[in-house]
Amino acid sequence: MLTLGIDIGSATSKVAVMRGGTVVLATALRRAGIGSDGPGAVLRDALRLAGCQMEDIAAVAATGYGRNMMEEADYRISELSCHGRGAHFLAPETRTLIDVGGQDAKVIRLDGRGRIMEFMMNDKCAAGTGRFLEVMAQVLGCGIQEFSGLAEGQEAAPISSTCAVFAETEVISRLAAGTPRGSIAAGINLSIAKRVGGLAMRMGVVPAVMMSGGVAQNASLVDMLGRELGADILVAKECQFCGALGAALLAWEKTRASGRKEP
Amino acid sequence: MNATSEQKAPRPAPEIPLSKQMANQQSADLIRAAKQAKARGEKIAWASAVFPQEIPEALGMVVLYPESFSAGVAARKKAGPFLEEAEGTLGYSQDICSYIRINFAFGALHDKEGFEEFEFPMPDCLLLCNNSCGQVMKWFENLSEQLDIPIFFFDAVYNYDEDGIPDYRMRYLTDQLKQLMIDLEAFTGKKLDQERFLDVQKRSQINRELFQQVVEKSLYKPSPATGFDLYNYISVMITCRGKSSTTQIMTQLRDEMEARHQAGTSSFRGEERHRTYWSGIACWPYLSHNMRTMKRSGMNIVASGYVRSWMLEYEPGDLASMARAYAVSVAANISVPEYAQRSADMIREYGCDNMICHNNRSCKISAYNLDCGRHLILEQTGVPCVSFDGDQSDYRVYSEAQFETRIQGLEEILEGKEESGHVE
Amino acid sequence: MLNDALQKLEETARSPKRAMEAYRQAGRPVAGCIPEYTPEVMVHAAGFIPFGLWGGETTIMLADSYIPTFACSLVRSCAEYGLNGTYRGLSFIIAPILCDALKGCVQTFRVAVKDPPVLPFSLPQNRTLPSAAAFTAQEYRALGEKIQKLTGAGISGQAMRRSIRIYNEHSRAMRDFDRAAAEHTDVIGARARQAVFKSAWFMEKEEHTGLVRQITRALEERPACRKNPARVVLTGVSAGSAALMELLEEEGFDVVGDHVYQDSWTYLHPIREDLEDPVMALAEHWIQVGGSCVAHERRRSRSAAVLKLAKEREAGAVVLCLMKFCDPEEYEAPLMLAELKKSCPTLTLDIDQNSDNLEQLRTKIQTFRDVLDS
């Protein structure tokens, strides 16, 4: 049985196609999220890569903030559950999952079967989210990919403001004072690491700790977060697909449980 | 200090005025007294900033003031780990008062490795007065629950109008002072000596009078001090306003200011082109940035309503007048028209030509007073005014650039480049 | 019958403004009551229709220059409505001083909203002191005198006693409904339940009692039916919007009880009718308040009360409806959550009248459902 998970976020859309709840046939990503043609396009990409048609898919689960717009979905599941399930699939030893998405940061405690025991999300403020990082990268005049490399191994210049607007002026005045961009980037990472670290500490950190979401590709930030938490942080190479994989897995589990026929 | 050995006694840096050295000594003595009291098995207290200290003082109870402690931590730029602990492991929102966040975290970290430098003995009871805000009540409720220690409470009742305190409210206030005496006697196992109580009241009035004289030295033009200086002495009035050591400090400080005036000098290092009324608590983590920026524009703080919160004026021996003083002295416990009137009076009295408002994220009550009262103050005085975002001890909600721009804008208005008005 | 009554209450809860206009057009004077613990009984006894002012979903424009952005949305929207004239037509507003935000709100009305006039009053916090009750009673009397001075309407002891009876009768009706609703979640979903409680703030109590009684009777005639196995109790100052209740329904939750001031919590205890002085009875009602974040207690009792309620109603989870920027709640939340979580899974939802982030709320609720299911 083939199942498909689609994770429609604010900035990206991701799809995973799986067979039998164990084998990943394809994953695909587009940098376009809610309200764009991203979801449709990434769906076509993934089906092409998996070598199948929509009719071959037994069940589709949608997750992410755009999950309710996905008409083809059989299930709409919160991204917390999907990320939790996806993380368990990628590394079953994961007990604490930290996901920093575009709009919010989440910390999830998992049991040995990948079920959520507890979770926390940041409040409405942009501090400690992917959006914060994006805004700061813009100020530094680079893309989000370049940003991570920029910060790598640099001494962090203090960026103390937690408010995105204030942090922006702080970054600008650091630039004006001649602080190297790398140090500023590292400072921004540290600020987010502290913010997200605080959220995790609030819930309590049980190893193993895994990080998912696009921000997990920012190696310097992951490093800093690890230091804040005093724990090693796993980052799977499919970290961005955690939600989509989880959705595909949950679609499979739910379909099997409801005894739906296989096409 | 006993310097018998060949070790040289540490010589104080010459630029620290004697009054400040005395104040530092006083605060070190207070911590030492607290430790000694604990060692003797006596009960010590933590109190909110404007609690009727006369009663514990007369009982010989050592009282510490955690708000002062938090301000000190922030001024020394050491608030970071505390704020992170409070918002992280302890789960408090960043929206609550940062003094209190630091204190909650201190409770969790004080006996942990790496925090030895923060000496502040833990309390056996809590002395609560809500004249400074409503948050202190919730703060002490949590401490009381976690430390399993009692609260002794003086509910100051907010003065929502300008009609004065009606008799029935006076009865409630005075009854509470009487009850505090009974309860604290029972708790400490000591008897309150009425004569000693009267002495403490008298001492407190002498100190208030002296502090007032100090503050009024800024009536001189130019002022012999910067208002930021005075902020450094507020902790004396918070923590020790019933003690004779305070009499010495305030006398010394007053004389130093007078001497500076006579010599034509000032602790304000620039030219006093503008006299500023500062509204709200200091922005402790950025005190020096505030000062530098204002100096560039020739602005000196000569008056602040906040400083007056500890000028509790009453008749020694008259319990009702003492209760009244605790209900009306703090700007946070009076109505906005009253608050605005007091501010406007000071602006006029001290010849201020501008007002700077610290929109303090932590001190919500002062932000309410300011936002609402600013309209009335401006109506009455017509002085141009700027406000800036900051916090009394959370260094993460301040923008140097914002402060600089606003001060510059204010200066431009003052220099007549623009029409007078409020700068947003 | 059931549906008619429910529909009427839902309409009232949805548009308080219309309810207010209707009373005014009928020539009935209406007085605003800002929560919490406002002595509506006195307003009622003076011949006014007490009308709860709970703010609302509105864009803050005018209030921004009087009340900072970090005040709770309840106070900010109340001030906005005051400043933009929405409350004009009310004879007066009474408001308690229970937290710093209310101080700011009251002063904004005094300084910048002349119509309607605001009559603030204080409630003592040192409630174990014997003179606290006397102080409360005197403060209420002073409030009564201010109402009389302003409107000419006096408050007799007889009128007070009558109003207390009417309020106690209403409280009883609300408690009966609350219990019946918990066993008929097929008809009374989270949204309907909230509407019954919310509408009470915007309707004359005599009429409200009648409608609620009709609903309860109709429920009692039906067999008990629990729609969803996921039963929750709520706690907070306000449980937010109807949209939030709808989310809970959609995600399969039955709300079967609450410790929410805006909902049933205010009806827990009757006002004593056996005291000679009805104002003192009202004062004692404040002195007895327990488990509230705005009433100081030697030993806080809220967590225990919430857990007891959950147990009684066979609810497996608690939802803390945390009003954003409500200091008393934000101080209590961490210790309370730790206490609740020891016995019961607990979800925290941020309540903000002016920017409901429904998508984030949905995600949290859905995930909480998954947690409970697994």
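Going along each chain's sequence as written, the residues are numbered from 1 onward. All chains are assigned letters beginning with A, and all ligands numbers beginning with 1, in the order in which they are written. Owing to the predicted nature of the model, reporting of local features is limited to residues with pLDDT of at least 70; listing and counting of side-chain atom pairs is limited to 80 or more, with chain, interface and lining totals taken over all residues.

1. Observations concerning the overall build of chain C
Stated precisely, the cut-off is as follows: Put simply, DSSP marks the helices as runs of H or I at least four residues long and the strands as runs of E at least two long, and each gets a number from the N terminus on. In this treatment the radius of gyration is a C-alpha quantity, and the globule benchmark scales as 2.2 Å times the residue count to the 0.38 power. Here exposure depends only on C-beta density: within 10 Å of a residue's C-beta, 20 or more other C-beta atoms make it buried, 12 or fewer make it exposed, and intermediate numbers make it partly exposed, the C-beta atoms being placed from the backbone. Residue pairs qualify as contacts under a 7 Å threshold applied to their C-beta atoms, which are placed from the backbone.
For chain C, the helix and strand inventory stands at 14 helices and 8 strands. Its C-alpha radius of gyration of 20 Å places chain C within 12% of the 21 Å reference for a compact globule of 374 residues. With 374 residues in all, chain C has 57% of them scored as buried. Contacts in chain C between residues far apart in sequence, at least 24 positions, make up 75% of those at least 6 positions apart.

2. Side note on the overall build of chain B
Scanning chain B from N- to C-terminus turns up 15 helices and 9 strands. Computed over its C-alpha atoms, the radius of gyration of chain B comes to 21 Å, within 12% of the 22 Å expected for a compact globule of 424 residues. When its C-alpha atoms are laid out on the principal axes, chain B stretches across 65 × 65 × 50 Å. For chain B, restricting intrachain contacts to residue pairs at least 6 apart in sequence, the fraction spanning at least 24 positions comes to 77%.

3. A short note on the nonpolar core
Basically, it comes down to this: Under the definition applied here, buried Ala, Val, Leu, Ile, Met, Phe, Trp, Tyr and Cys residues are grouped into a nonpolar core through C-beta atoms within 7 Å. Source of the domain bounds: an automatic or database domain assignment.
Among the nonpolar cores identified, the biggest contains 349 residues, and A61(A), A248(A) and I93(C) are the most heavily contacted of them. When residues of this core are assigned to their parent elements, the largest contribution, 11 residues, is made by helix α6 (residues 181-203) of chain A. Mapped onto the domain boundaries, this core takes at least three residues apiece from domain 1 (1-91 + 241-263) and domain 2 (93-235) of chain A. The residues touching A248(A), leaving out its near neighbours within four places in the chain, are T3(A), L4(A), G5(A), A16(A), V17(A), M18(A) and A61(A).

4. Quick notes on helix α2 (residues 79-90) of chain A
Residues and elements named next belong to chain A. Stated formally: Helices are assigned an expected span. That span is 1.5 Å times one less than the residue count.
Between its first and last C-alpha atoms α2 spans 16 Å; for 12 residues at 1.5 Å apiece the expected length is 16 Å, and the two agree. Among the 12 residues in α2, 12 count as buried, and that is most of the element. Residues of α2 that are buried include every one of E79, L80, S81, C82, H83, G84, R85, G86, A87, H88, F89 and L90, and no others.

5. Remarks on the interface of chain C and chain A
In this assembly, 11 residues from chain C lie in contact with 13 residues from chain A. Ranked by residues supplied to the side of chain C that touches chain A, first place goes to helix α14 (residues 358-373) of chain C with 8 residues.

6. Description of the pairing of strand β7 (residues 317-323) of chain C
Residue and element names in this part refer to chain C. Rules: Here the rule is simple: two strands pair whenever DSSP picks up at least two bridges between them.
The element β7 is extensively covered by neighbouring structure, given that 6 of its 7 residues are classed as buried. With 5 bridges connecting them, strand β5 (residues 230-236) and β7 associate as parallel partners. From the neighbouring strand, L234 faces β7, where its bridge partner is V319. Across 6 bridges, β7 lies against strand β8 (residues 346-351) in parallel orientation. From the neighbouring strand, C321 faces β8, where its bridge partner is L349.

7. Section: the sheet that holds strand β4 (residues 118-122) of chain C
Residue and element names in this part refer to chain C. Put simply, the test is: Axis geometry follows a simple rule: fit a line to the C-alpha atoms, using only the stretch in contact for helices, then measure angles between N-to-C directions, giving values from 0 to 180 degrees.
Pairing within the open sheet is parallel, and its 4 strands lie in the order β2-β1-β3-β4. Both edges of this open sheet fall to β2 (49-52) and β4, since each of them pairs with a single strand only. Mean inter-strand twist for the sheet, computed between neighbouring axes without regard to direction, equals 25°. Where strand β1 (residues 30-33) meets strand β3 (residues 93-97), 2 bridges bridge the pair, whose relative direction is parallel. Pairing of G32 across the sheet is with I93, part of β3. Contacting β3 and β4, helix α6 (residues 131-151) crosses the sheet at an angle of about 170° to β4.

8. Focus on the interface of chain B and chain C
We apply this condition: Ten residue types, Ala, Val, Leu, Ile, Met, Phe, Trp, Tyr, Cys and Pro, are classed as nonpolar, four, Asp, Glu, Lys and Arg, as charged, and the remainder, Gly among them, as polar.
Of the residues lining the interface, 42 residues belong to chain B; the matching set on chain C comes to 36 residues. Considering each element in turn, the side of chain B that touches chain C owes the most residues, 8 residues, to helix α14 (residues 364-381) of chain B. Grouping the amino acids of the side of chain B that touches chain C by side-chain chemistry returns 20 nonpolar, 11 polar and 11 charged.

9. Re the packing of helix α8 (residues 194-216) of chain B against helix α10 (residues 244-263) of chain B
Residue and element names in this part refer to chain B. Selection criterion: Oblique is the label for any angle not under 35 degrees, not over 145, and not in the 65 to 115 range, which are roughly parallel, roughly antiparallel and roughly perpendicular in turn. Two helices cross in a left-handed way if the nearer one is turned anticlockwise from the farther one by less than a right angle. They cross in a right-handed way if the turn is clockwise.
Where α8 contacts α10, the axes come no closer than 9 Å and their chain directions differ by 20°. Considered as vectors, α8 and α10 are oriented roughly parallel to each other. Regarding α8 and α10, the two cross each other, and that crossing is left-handed. Counting all contacts with α8, which are made through R203, I206, N207, L210, F211, Q213 and V214, the residues of α10 involved are S244, T246, T247, M250, T251, L253, R254 and M257. Residue composition of the contact of α8 with α10, grouped by class: 7 nonpolar, 6 polar and 2 charged.

10. So, the pairing of strand β7 (residues 354-360) of chain B
The side chains of a regular strand alternate between the sheet's two faces. Residues and elements named next belong to chain B. The buried count for β7 comes to 7 of 7 residues, which makes it a mostly enclosed element. Where strand β5 (residues 274-279) and β7 come together, 4 bridges link them in parallel fashion. Bridged to S279 within β7 is C357. Pairing of β7 with strand β8 (residues 385-390) involves 6 bridges; the strand directions are parallel. Paired with C357 across the bridge in β8 is S387.

11. A closer look at the confidence of the model for chain B
Residue and element names in this part refer to chain B. In plain terms, the rule: One confidence number per residue, pLDDT, is output by the predictor and ranges from 0 to 100.
Summarising the model, chain B shows a mean pLDDT of 91, and 95% of its residues fall at 70 or more. Low confidence marks residues 1-8, where pLDDT is under 50. Its contacts with residues over four positions away, or in another chain, come to 2 contacts. Contacts for the low-pLDDT stretch residues 417-424, under 50 throughout, to residues beyond four places or in other chains number 14 contacts.

12. Describing the confidence of the model for chain C
The predicted structure's coordinates, where accompanied by low pLDDT, should not be read in detail. Confidence along chain C averages 94 in pLDDT terms, with 99% of residues attaining 70 or more. Here the predicted complex carries an ipTM of 0.95, next to a pTM of 0.89.

13. Examining the environment of L143(B)
Residues and elements named next belong to chain B. By the element assignment, L143 lies in helix α6 (residues 135-147). For L143, a count of 22 C-beta atoms within 10 Å corresponds to the buried category. In this structure the C-alpha to C-alpha distance between L143 and L184, which are 41 residues apart in sequence, comes to 18 Å. Among residues more than four places away in sequence, those in contact with L143 are G107 and L126.

14. Section: the sheet that holds strand β8 (residues 116-121) of chain A
Residue and element names in this part refer to chain A. Strand order across the open sheet formed by 5 strands is β8-β7-β6-β9-β10, with mixed pairing between neighbours. The open sheet is flanked by β8 and β10 (233-234), the only strands paired with a single partner. Direction of pairing for strand β6 (residues 96-100) relative to strand β9 (residues 209-212): parallel, over a ladder of 4 bridges. Along β9, the bridge assignment pairs T96 with V209.

15. Details of unusual backbone geometry
Following P207(A), the chain continues to A208(A) via a peptide bond in cis, the omega torsion being 0°. Mapped onto the fold, A208(A) is located in the loop between α6 and β9. A cis amide bond links K221(B) to the next residue, P222(B), at an omega of -5°. Positionally, P222(B) belongs in the loop between α8 and α9 (227-240).

16. Some words on helix α5 (residues 100-112) of chain C
Given 3.6 residues to a turn, an α-helix orients residues that are three or four positions apart in the same direction. Residues and elements named next belong to chain C. In a regular helix each residue adds 1.5 Å, so 13 residues correspond to 18 Å; α5 covers 18 Å between its end C-alpha atoms and thus fits that length. Of all 13 residues in α5, 11 are buried; the element is thus mostly enclosed. Where α5 is concerned, the buried positions are D100, A101, L102, K103, G104, C105, V106, Q107, T108, F109 and R110.

17. Focus: the environment of R406(B)
Mapped onto the fold, R406(B) is located in helix α15 (residues 400-414). The buried category is assigned to R406(B), around which 20 C-beta atoms lie within 10 Å.

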